[in-house]
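# Chain and residue survey
The residues making up each chain are set out below.
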Amino acid sequence: MTGSLARRARHERVLLLLPVVLLLALVVGVPALRVVLLGFTRTELADGVVSSWAGLATHARTFADGRFLSALRNTAVFTSLSVSLEVTLGMALALLLDRSFRGRGALRAVVLVPWALPTSVMALAWAWIFHDTFGMANDLLSRLGLIEAPVAWLARPATAMAALVVADAWKTTPFVALILLAGLQAVPSEVLEAARVDGAGSWQRFRRITLPLLVPSLVVATLFRSIQAWGAFDIVYVMTGGGPGGSTETLSLYAFQSWFRYLDFGYGAAIAVQGMLVALLLAAVVVKLASRRETA
Amino acid sequence: MRRRPLATALLSLAVSLAAAWSLLPAVWQALTAVKPEAQITSSPAVWIPSPPTAEHVRALLERKPFARYLVNSAAVSLAATLLALAVAAPAAASLCRMPPRARNRWLLGLLLVSLFPPILLLFPLYEGVRLLGLMNSPLALVLPYAAFGVPLAVWVLEAGFRELPREVEEAATLDGLGPLGRLLRVQLPLAAPSLVAAGLLTFIASWNEFLLALSFTTRDASRTVTAGIASVSGASLYEVPWGQLSAAIVLSTIPVVLIVFLFERRISGGLTGGAVKG
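What counts, and at which threshold
- Residues numbered from 1 in each chain as written.
- Chains lettered and ligands numbered in written order.
- Predicted model: local features only at pLDDT ≥ 70, side-chain atom pairs only at ≥ 80, totals over all residues.
- Heavy atoms only, no water.
- Helix = DSSP H or I, 4+ residues; strand = E, 2+ residues; numbered from the N terminus.
- Buried < 20%, exposed > 50% of the residue type's maximum accessible area, 1.4 Å probe, protein only.
- Contact = heavy atoms within 4.5 Å.
- Areas by Shrake-Rupley, 256 points an atom, 1.4 Å probe, with all protein chains shown as cover.
- Lys, Arg positive; Asp, Glu negative; His and termini not counted.
- Charge placed at Lys NZ, Arg CZ, Asp CG, Glu CD.
- Rg over C-alpha atoms; globule rule 2.2 N^0.38 Å.
- Salt bridge = Lys/Arg side-chain N within 4 Å of Asp/Glu carboxyl O.
- Pairing = 2+ DSSP bridges.
- Domains from an automatic or database assignment.
- Buried area = accessible area lost by both parts, 1.4 Å probe.
- Core = buried A, V, L, I, M, F, W, Y, C linked by side-chain atoms within 4.5 Å.
- Expected span 1.5 Å × (residues − 1).
- Bend = angle between axes of the 7 residues up to and from the residue.
- Polar contact = N/O pair within 3.5 Å; in protein donor to acceptor, adjacent residues only side chain to side chain.
- Phe/Tyr/Trp six-rings, centres within 6.5 Å; stacked < 30°, edge-to-face > 60°.

## Observations concerning the overall build of chain B
- Along the backbone of chain B there are 13 helices and zero strands.
- Start at the N end of chain B and walk to the C end: the helices and strands fall as α-α-α-α-α-α-α-α-α-α-α-α-α.
- Overall, chain B is about 70 × 70 × 30 Å in size when its C-alpha atoms are taken along their principal axes.
- With 278 residues in all, chain B has 51% of them scored as buried.
- Across chain B, contacts joining residues at least 24 apart in sequence account for 71% of those joining residues at least 6 apart.
- Of the accessible surface of chain B, which amounts to about 12,800 Å², a share of 68% is contributed by carbon and sulfur atoms.
- Chain B carries 22 positive and 14 negative side-chain charges, and their two centres are separated by 6 Å.

This is how it looks when you write it as structure tokens:
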């Protein structure tokens with residue numbers, strides 16, 4: 001009797017999970033398999049779609065493709081710069097929101113706004129902010145006396161990348177701040193208080209108590225953000241289109257162009273898959289480093 | 001507790017900086033949207049429009065079916081949200097009764113799925129959409145958006161269900177309710193805050209999605225607002241109608257800004273509950 005009840009409960013649990021499994025298999029599982037397979041083919045548009053098995057030949061093309069290597073480098077630069085900036089700003093914001101002051105509730109809502117706005121739409125807004133003659137960035141910077149002549153932000157490789165990083169940091173810092181704030185609020189106040197009584201200054205308390213306890217939150221935030229930044233598409237596509245001269249083209253953008261512009265379907269898949277593999281490697285390294293730090 | 005004046009001043013400065021950093025880009029956009037053309041293209045910049053004008057909004061609505069984009073976005077996002085919740089709620093109910101090890105394995109799997117970069121799936125999804133004749137159909141966006149929203153929705157709902165006292169569920173079982181009855185009559189009503197959080201997170205993500213919207217809609221009448229705005233630009237890079245674009249940006253972001261100000265607590269709770277417990 002109890003055995004059959006238990007079995008029924010188990011059947012129920014499986015049935016209740018079925019819709020999620022089906023939906024994810026349809027939208028994520030099958031397409032993921034398909035893109036991996038596609039990367040092993042030569043699939044192009046010539047008199048209809050022509051596809052033939054290519055083994056590793058399509059993947060091997062990336063090694064001699066300067067544009068792929070440059071996209072890989074751009075992706076790495078964009079990811080490392082924007083994630084570092086986001087984690088730094090997110091930490092500052094979290095420390096601020098962790099204090100008690102009047103209007104804290106309102107500020108929490110205000111700082112969440114960038115996170116909720118559509119990236120593609122705000123990328124357009126940032127292109128306008130970084131406009132060379134009429135933009136807000138040049139106006140503010142020259143009023144503050146930080147620049148003498150207007151900067152053509154999106155027209156030069158280094159400044160275009162900097163503009164992308166700032167826009168991305170603006171958009172995603174709230175997410176990092178929220179994760180870190182939750183971590184901060186889990187730090188036991190008795191420990192901090194005890195350290196204060198023992199004469200530890202505020203920097204010492206932060207460095208010796210808060211920061212070590214915050215490592216798991218930092219890892220989660222860094223991991224999430226690195227993977228998302230690695231696959232960034234919207235912000236680059238809209239703000240710079242990969243320009244000037246391909247200097248901000250990321251792997252996502254290059255894969256997109258291979259598919260929809262050059263109609264080189266197999267190669268687009270190879271680019272996307274290789275990009276994903278590097279991202280996985282990156283994630284493994286972050287997790288490894290973090291766990292070593294925690295045990296040390 | 002009395003604060004030193006210097007500390008208070010520094011705190012106020014930090015609060016102002018945080019607020020300015022978060023809002024200034026959006027404020028600048030809103031100001032541009034109601035600035036007369038001559039003040040938009042003036043250097044040094046004119047910040048406060050005088051007098052404010054509705055010419056850009058009018059021109060935008062004349063040139064583009066912008067109201068249609070908004071309606072499409074709302075319909076697609078709402079449908080995706082409802083589908084995601086309908087699929088995620090039973091899964092969450094199932095997971096919260098599982099032994100911890102099995103449950104954590106499922107939750108981790110869902111987390112990994114949610115980290116999948118959409119670009120990787122774009123082309124196969126495009127092939128599928130073409131194959132099924134779903135180009136320009138709302139279904140081509142609703143299904144993927146629901147699927148992308150499901151992992152976080154399960155996380156949030158599962159956390160909400162697990163906080164309910166176990167006796168409530170047992171009592172419902174003794175009253176003869178099956179799993180669906182328990183879910184609909186007991187668990188969801190009691191965990192309504194989690195349901196709201198999961199729904200809002202899915203809605204915002206769907207409203208904001210761009211890559212698939214750009215790729216699966218070719219007709220103006222089918223475009224959602226993110227894809228629609230990408231088509232507002234002028235004939236060349238040097239003729240971008242910034243006033244109209246700003247108007248479009250403001251119109252498309254108002255709904256999410258409202259959601260944030262009304263539901264900040266729920267959204268933050270959902271986001272961090274999902275990420276930190278993992």
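## Thoughts on the overall build of chain A
- Within chain A, the secondary structure is distributed over 12 helices and two strands.
- Secondary structure elements of chain A occur, N-terminal to C-terminal, as α-β-β-α-α-α-α-α-α-α-α-α-α-α.
- For a compact globule of 296 residues, the expected C-alpha radius of gyration is about 19 Å, and chain A comes in at 24 Å, more than 25% above that figure.
- Judged by the C-alpha coordinates and their principal axes, chain A covers about 85 × 75 × 35 Å.

## Describing the pattern of salt bridges
All names here are of chain B.
- This structure, assessed with the given rule, holds 17 salt bridges over all chains.
- Where R166 meets E170, a salt bridge forms, and the shortest distance between an N and an O atom there is 3.5 Å. Within this pair, R166 and its partner E170 are both found in helix α8 (residues 166-174), separated by four residues, close to a single helical turn.
- Relative accessible area serves as the criterion here: at 45%, R166 is assigned to the partly exposed category.
- The residue R265 makes a salt bridge to E264 at a minimum N-O spacing of 3.9 Å.
- On the basis of relative accessible area, R265 is assigned to the exposed category, the value being 54%.
- Given a relative accessible area of 6%, E264 falls into the buried group.

## What about the pairing of strand β1 (residues 41-45) of chain A?
- Two strands pair when backbone bridges link them, and β1(A) and strand β2 (residues 49-53) of chain A are joined in this way by five bridges, in the antiparallel orientation. Within the sheet, the bridge partner assigned to T41(A) lies in β2(A) and is W53(A).

## Regarding the domain arrangement of chain A
- Its domain assignment divides chain A into domain 1 (1-29) and domain 2 (57-295).
- One C-alpha centre belongs to domain 1 of chain A, the other to domain 2 of chain A; they are set 38 Å apart.

## Things to note about the interface of chain B and chain A
- The interface is formed by 84 residues belonging to chain B together with 76 residues belonging to chain A.
- Summed over both partners, the interface of chain B with chain A buries about 7,400 Å², with 81% contributed by carbon and sulfur atoms.
- Contact with chain A buries surface across chain B, with W21(B), F123(B) and W242(B) losing the most and accounting together for 9% of the total.
- Along the contact surface separating chain B from chain A lie three salt bridges.

## Description of the side chain of S258(A)
- Checked against the element boundaries, S258(A) lands in helix α11 (residues 251-260).
- The residues touching S258(A), leaving out its near neighbours within four places in the chain, are L263(A), D264(A), Y267(A), G268(A) and I271(A).

## So, the nonpolar core
- In terms of nonpolar packing, the biggest core is built from 168 residues, with W115(A), M239(A), W259(A), V154(B) and F216(B) touching the most fellow members.
- Ranked by the residues each element gives to this core, the list is headed by helix α7 (residues 157-185) of chain A, at 14 residues.
- When we break this core down by domain, the ones giving at least three residues each are domain 1 (1-29) and domain 2 (57-295) of chain A.
- Beyond its immediate sequence surroundings of up to four residues, M239(A) is in contact with A123(A), W126(A), A127(A), F130(A), L154(A), A163(A), L164(A) and A167(A).

## Some remarks on helix α6 (residues 136-143) of chain A
- Every buried residue of α6(A) is accounted for by M136(A), A137(A), N138(A) and D139(A).
- Elements that come into contact with the buried residues of α6(A) comprise α5 (119-129) of chain A together with α1 (5-33) of chain B.
- Trailing α6(A) by a residue or two, G145(A) shows a phi angle of about 75°, which is positive.

## Re the environment of G199(A)
Residue and element names in this part refer to chain A.
- Here G199 shows up in the loop between α8 (189-197) and α9 (202-230).
- Taking relative accessible area as the criterion, G199 reaches 57% and is therefore assigned exposed.
- Distance from G199 to D234, taken between C-alpha atoms, is 50 Å for residues 35 residues apart in sequence.

## Remarks on α7(A)
- Here α7(A) spans 41 Å end to end across 29 residues, near enough to the 42 Å set by a 1.5 Å rise per residue.
- T172(A) marks the point of greatest bend in α7(A), at about 45°, and the proline P174(A) comes within the next four residues.

## Notes on the environment of S222(B)
Residues and elements named next belong to chain B.
- Mapped onto the secondary structure, S222 falls in the loop between α11 (211-216) and α12 (225-230).
- Among the residues examined, S222 registers a relative accessible area of 13% and is labelled buried.
- Sequence separation of S222 and S12 is 210 residues, and the distance between their C-alpha atoms is 47 Å.
- Not counting the four nearest positions on each side in its chain, S222 is found in contact with N72, N136 and T217.
- Here the side chain of S222 touches N136 through a polar contact of 3.3 Å, landing on its backbone oxygen.

## A few points about the side chain of S94(B)
- Along the polypeptide, S94(B) turns up in helix α4 (residues 66-95).
- Accessibility expressed as a relative area gives 0% for S94(B), which makes it buried.
- Discounting chain neighbours no more than four positions away, the residues touching S94(B) are R13(A), L16(A) and L17(A).

## A closer look at the packing of aromatic side chains
- Summed over the entire model, instances satisfying the criterion amount to 23 aromatic pairs over all chains.
- Ring centres of F260(A) and Y126(B) lie 4.8 Å apart, and the angle between their planes is 90°; on these two criteria the pair is classed as edge-to-face. Here the residue F260(A) occupies a position in helix α11, and Y126(B) occupies one in helix α6 (residues 118-131), the pair thus bridging two chains.
- Residue Y126(B) is classed as buried on the basis of its relative accessible area of 16%.

## Section: unusual backbone geometry
- Note that the residue after G243(A), namely P244(A), is joined by a cis bond; omega there is -5°.
- By the element assignment, P244(A) lies in the loop between α10 (234-239) and α11.
- Residue P51(B) is bonded to the preceding S50(B) through a cis peptide linkage, with omega at -10°.
- Along the chain, the position of P51(B) falls in the loop between α2 (37-40) and α3 (55-63).

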